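Examining the three-dimensional arrangement
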Amino acid sequence: MSNTTVVQTRRRSISDIDLRAVAPFVALAVLFGFGAMVNPNFLGLDNLTNVVTRSAFIAIIAVGATFVISAGGLDLSVGSMSAFVAGTMILFLNSGAVSGDTGMIATAMLLALATGALCGLANGLITTLGRIEPFIVTLGTMGIFRALTIYLAEGGSIAIKSQELRAAYRPIYFSDVLGVPIPVIMILVVAALGAFILYRTRFGRHVTAVGSNEEVARYSGISVNRVRTLTYVIQGVCVAIAVLIYVPRLGAATATTGLLWELQAITAVVIGGTALRGGVGRIWGTICGALILELVGNIMVLSDLVSEYLIGAVQGSIIIIAMLIQRSLGRR
Amino acid sequence: MSNTPLVEMENISIAFGGIRAVDDASADLHAGEVVALLGHNGAGKSTLIKILSGAYRRDSGTIRMNGEEAVINNPRDAKAYGIETIYQTLALADNVDTAANLYLGREIMTPWGTLDDVAMEARAREVMGRLNPRFERFKDPVKALSGGQRQSVAIARAILFNARILIMDEPTAALGPQETAQVGELIEQLKSEGIGIFLISHDIHDVFHLADRVMVMKNGRVVGTARVTDVTEDEILGMIILGKCPPGAVPGPGAMNV
Ligand SMILES: Nc1ncnc2c1ncn2[C@@H]1O[C@H](COP(=O)(O)OP(=O)(O)OP(=O)(O)O)[C@@H](O)[C@H]1O
Ligand SMILES: [Mg+2]
């Protein structure tokens, strides 16, 4: 009799824990197969390195979004925030406030991180202290950050003026360590840090608890508002880290910088198996989700099956389909 | 039993909007005593004990612990006084496992400042072994557990930290007869360890078995308090339904004027 109980428990834990965690990786593998079929160049090291490198912005931002969503929140402002942080960073780079290229770039990086953290703090405080739906708050700040960027750019673009500065900053995006591009290293570092914070620290446990059941968390003596606010700050810092590698890539910020990044980041999180309701966060799933999005775009470009102008539509469909799959897996 | 009560709540009031959920209620509890709180749905029982557990902040009134005025403004304050609560709506975080629930808000950390899941699970196995020896599903999120299993997790969570006062809001409402009997035994055991227990229940019969005293509330006010040996079950029913205080009970502000 005790034997049957053991067998039952084992079978149940396999079916209800693993499916959702494994699904994104299976989807990734399927995409690899599909990509290889439509274009022989797809599996080339160059192409794949390129894909992973280009997924860096969304992957890094989506790590932050994993925290916000795990705690039961939502941040729609990340795309505009990226543009705003990039714009202010470049304006500072152009100000000549610090002498020496290295010192200048380092100071500008710190400033960008602080700006991102403050933007996140604003989102967090308005949501928690103002007791307003995060959807509404970040929809508002999305408009604010976007407008501020356009205002600062006077309707045009903000570009790094000094050619030397541009050249000095370029390697942050374009160089590599032992063949691994720096953006890829950044993805790994940010994801590893994120996973450590979410799974190994008290704060991470509280994030999951707050997203799982806010009332229980409060009765357990957890400061729910503090935890929620900090997830938005982490999101802001992740946006800033993404900006640190975005700025050297183009050397400019425009009105369309970061456009629809919120859609891509949230899609990456949802594909990765994080529950949109909160309470479950999967950092590595999120990274996998960001790769899937980038691979889909890449396959579209390589295959001519669908016009690449429709990438946004495809990504939009992916988030809806991912939600439907999550729901049906949740019912089991 | 000592003469200074473990906890005294005096003239406690709280209103939500226009509703006086608890109105000038007083209650006390001694070490090793079980006091049952009875009353209809919406009588204010849960609200009164949520004030003691720090979940709600009272509008007026005082709380004393061992004769000294206590400051309880949030759940953490209450826990610092050794007040632990098992809430009526099974208060567990569904997506995390048993050990994480037991230690929620009071996690054990390693010397490096990371979560010590090994230590937490080991302690969880120890405590759960006492309550529910057949329980084995330590790795599953608690939403996968049965009602009885969840309730034993909730109880374990309350006694894990050496509670001096235990508040149980309908601890058996979601349980079958066997598990209910288990909770009864547990209450006896905790009581013999000198823990004071506030027990909210709808089952008068159960209450007569387990409680030393009963307190009845109606429309937010206390009808009266009595030792179970001084009143009959019918008299208690009269208190609950009509607000009529029998001779064996000490009347409160909610007693019907005759
Ligand atoms: N958070 C709240 N906001 C508004 N009203 C509340 C709140 N909590 C309780 N009330 C009201 O206060 C009154 C007392 O409710 P309470 O939950 O304390 O009753 P109870 O005696 O525990 O009932 P039950 O036996 O159904 O658990 C009810 O009228 C209820 O609607
Ligand atoms: Mg109640």
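All of these numbers come straight from a predicted model, not from anything done at the bench. (Residues numbered from 1 in each chain as written. Chains lettered and ligands numbered in written order. Predicted model: local features only at pLDDT ≥ 70, side-chain atom pairs only at ≥ 80, totals over all residues. Heavy atoms only, no water.)

This part is about the nonpolar core. Counting 95 residues, the largest nonpolar core has Met89, Leu93, Tyr169 and Val247 of chain A as the members making the most contacts within it. Ranked by the residues each element gives to this core, the list is headed by helix 12 (residues 224–250) of chain A, at 13 residues. For Leu93 of chain A, the residues in contact, after removing those within four places along its chain, are Met104, Ile105, Ala108, Ile160, Leu165 and Tyr169 of chain A. Ala99, Val127, Ile187 and Ile240 of chain B belong to the second-largest nonpolar core, a separate cluster that totals 50 residues. (Core = buried A, V, L, I, M, F, W, Y, C linked by side-chain atoms within 4.5 Å. Buried < 20%, exposed > 50% of the residue type's maximum accessible area, 1.4 Å probe, protein only. Helix = DSSP H or I, 4+ residues; strand = E, 2+ residues; numbered from the N terminus. Contact = heavy atoms within 4.5 Å.)

By way of backbone hydrogen bonds, the strands of a sheet pair with one another, either parallel or antiparallel. All names here are of chain B. Strands sit in the order 6-7-8-3-9-10-11 across an open sheet of 7 strands; the sheet is mixed. Looking at the sheet topology across the chains shown, the edges are occupied by strand 6 (83–86) and strand 11 (250–251). Pairing of strand 3 (residues 34–38) with strand 8 (residues 196–200) involves 4 bridges; the strand directions are parallel. Across the sheet, residue Leu37 finds its bridge partner in strand 8, namely Ile200. Sitting on the sheet, helix 6 (residues 177–192) is in contact with strand 3, strand 7 (165–169) and strand 8, with an inclination near 150 degrees to strand 8. (Pairing = 2+ DSSP bridges. Axes fitted to C-alpha atoms, helices over the stretch in contact; angles between N-to-C directions.)

All names here are of chain B. Around ligand 1, the surrounding shell holds 14 residues, and the nearest of these are Asn41, Gly42, Lys45, Ser46 and Thr47. Gly42 is positioned with one of its backbone polar atoms (N or O) 2.8 Å from an oxygen atom of ligand 1. In this structure, an oxygen atom belonging to ligand 1 sits 2.7 Å away from a side-chain N or O atom of Ser46. Summarising the interface, the protein chains cover 67% of the accessible area of ligand 1, which totals 630 Å² for the free molecule. Take the shell around ligand 1: its biggest share by element is 3 residues, from helix 1 (residues 45–52). Of the residues belonging to the shell around ligand 1, the class tally is 4 nonpolar, 8 polar and 2 charged. (Near = heavy atom within 4 Å. Polar contact = N/O pair within 3.5 Å; in protein donor to acceptor, adjacent residues only side chain to side chain. Areas by Shrake-Rupley, 256 points an atom, 1.4 Å probe, with all protein chains shown as cover. Nonpolar A, V, L, I, M, F, W, Y, C, P; charged D, E, K, R; others polar.)

Here the focus is the domain arrangement of chain B. Residues and elements named next belong to chain B. Segmentation of chain B into domains returns domain 1 (1–82 + 164–258) and domain 2 (96–160). Taking only C-alpha atoms into account, the centre of domain 1 sits 28 Å from that of domain 2. With 13 residues of domain 1 in contact, the opposing surface of domain 2 contributes 11 residues. Between domain 1 and domain 2, the buried area comes to about 840 Å², and carbon and sulfur atoms account for 61% of it. (Domains from an automatic or database assignment. Buried area = accessible area lost by both parts, 1.4 Å probe.)

Residue and element names in this part refer to chain A. A complete count under the given rule lists 0 disulfides over all chains for this structure. Cys119 takes part in no disulfide bond, and the closest cysteine sulfur to it belongs to Cys238, at a distance of 14 Å. Judged by relative accessible area, which is 6%, Cys119 ranks as buried. (Disulfide = S-S within 2.5 Å.)

Residues and elements named next belong to chain B. Read across the sheet, 4 strands follow the order 2-1-4-5 without closing on themselves; strand pairing throughout is antiparallel. Looking at the sheet topology across the chains shown, the edges are occupied by strand 2 (19–29) and strand 5 (68–69). As judged from the 2 bridges shared by strand 4 (residues 60–65) and strand 5, these two strands associate in the antiparallel manner. Bridge pairing in strand 5 places Arg64 opposite Glu69. Running over the sheet, helix 1 touches strand 1 (7–16), strand 2 and strand 4 and is turned about 120 degrees from strand 1.

Residues and elements named next belong to chain B. Counting buried positions along strand 10 (residues 221–227) yields 5 of 7 residues, so the element is predominantly enclosed. As defined by bridge partners, strand 9 (residues 213–218) adjoins strand 10 across 6 bridges and the pair is classed as antiparallel. Its bridge partner lying in strand 10, Arg213 is registered against Arg227. Joining the antiparallel neighbours strand 9 and strand 10 is a turn of 2 residues, in which Asn219 adopts a positive phi near 45 degrees. The pairing of strand 10 with strand 11 spans 2 bridges and is antiparallel. Across the sheet, residue Gly224 finds its bridge partner in strand 11, namely Pro251.

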